[in-house]
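# Structure assessment
Okay, here's what each chain looks like letter by letter:
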Amino acid sequence: MSDLLPLSNDNQAASSTLLPTYTRSQLALRNGQDRDEIWVAYRGLVYDVTRSRLWKRGNHYEHWAGQDLTKELDQDAPHTPNVFDKFPVIGHLA
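Residues numbered from 1 in each chain as written. Predicted model: local features only at pLDDT ≥ 70, side-chain atom pairs only at ≥ 80, totals over all residues. Heavy atoms only, no water.

This part is about the packing of aromatic side chains. Counted by the stated rule, this structure contains 3 aromatic pairs. Grouped by ring-pair contacts, the aromatic residues Tyr-42, Tyr-47 and Phe-84 constitute a single cluster. Positioned above the aromatic ring of Trp-39, the side-chain terminus of Arg-30 is 4.5 Å from the ring centre. (Phe/Tyr/Trp six-rings, centres within 6.5 Å; stacked < 30°, edge-to-face > 60°. Lys NZ or Arg CZ within 6 Å of the ring centre and 35° of its normal.)

Dropping the structure here:
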């Protein structure tokens, strides 16, 4: 049996210590307009949401990619933070 497991949220958090750290300026460039990548940050982690059809234009309802969405989502998101479980964690936000 393989020792490799799919990354669950718990496994992502454990392996995230090996991930790079990105600045807010680097995150801002991944807004779906300046570059092809579409990234968002939440609670100190950077997620790649490029493959999500809901983020294709760099925004999802009133939320914009390339930003730290922690404050907005903790205040008024209609869903739980588990919505990020389906996206890869690619780094830490500085």
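Here the narrative resumes.
Turning to the sheet that holds strand E2 (residues 39–42), a few remarks are in order. Across the sheet, which stays open at both edges, the 4 strands sit in the order E1-E6-E3-E2 with mixed pairing between neighbours. Strands at the two margins of the open sheet, each flanked by one partner only, are strand E1 (21–22) and E2. In this sheet, strand E6 (residues 89–93) lies alongside strand E3 (residues 45–48) in antiparallel orientation, the contact comprising 3 bridges. Looking at E6, one finds that Val-46 is bridged to Gly-91. (Pairing = 2+ DSSP bridges. Helix = DSSP H or I, 4+ residues; strand = E, 2+ residues; numbered from the N terminus.)

What follows concerns unusual backbone geometry. Residue Arg-43 is not a glycine yet carries a positive backbone phi of 50°. On the basis of relative accessible area, Arg-43 is assigned to the exposed category, the value being 51%. One non-glycine residue, Tyr-61, adopts positive backbone phi at about 55°. Topologically, Tyr-61 is positioned in the loop between strand E4 (59–60) and strand E5 (63–64). (Buried < 20%, exposed > 50% of the residue type's maximum accessible area, 1.4 Å probe, protein only.)

The tally for this structure, following the rule as stated, stands at 3 salt bridges. Put simply, Arg-24 and Asp-68 hold a salt bridge, and the shortest N to O gap is 3.6 Å. Within this pair, whereas Arg-24 is found in helix H2 (residues 24–28), its partner Asp-68 is found in the loop between E5 and helix H3 (70–76), the two being separated by 44 residues in sequence. With a closest N to O distance of 3.8 Å, Glu-37 and Arg-30 form a salt bridge. Overall, the relative accessible area of 12% leaves Arg-30 in the buried class. (Salt bridge = Lys/Arg side-chain N within 4 Å of Asp/Glu carboxyl O.)

Turning our eyes to something else, we now look at the environment of Arg-30. Take Arg-30: it is sitting in the loop between H2 and E2. With residues up to four places along the chain from it excluded, the contact list for Arg-30 reads Arg-35, Glu-37, Ile-38, Trp-39, Ala-65 and Gly-66. Side-chain polar atoms of Arg-30 contact the backbone oxygen of Gln-26, separated by 2.9 Å. (Contact = heavy atoms within 4.5 Å. Polar contact = N/O pair within 3.5 Å; in protein donor to acceptor, adjacent residues only side chain to side chain.)

Inside soluble globular proteins, nonpolar side chains tend to come together where they are buried. The biggest cluster of nonpolar side chains holds 13 residues, and the ones touching the most others in it are Val-40, Tyr-47, Val-49, Trp-55 and Phe-84. Elements that contribute at least two residues to this core include exactly E2 and E3. Other than its neighbours up to four places away in sequence, Val-40 contacts Leu-27, Leu-45, Val-46, Tyr-47, Val-49, Trp-55, Ala-65, Gly-66, Gln-67, Leu-69 and Phe-84. Tyr-22, Leu-27, Trp-39 and Leu-93 belong to the second-largest nonpolar core, a separate cluster that totals 7 residues. (Core = buried A, V, L, I, M, F, W, Y, C linked by side-chain atoms within 4.5 Å.)

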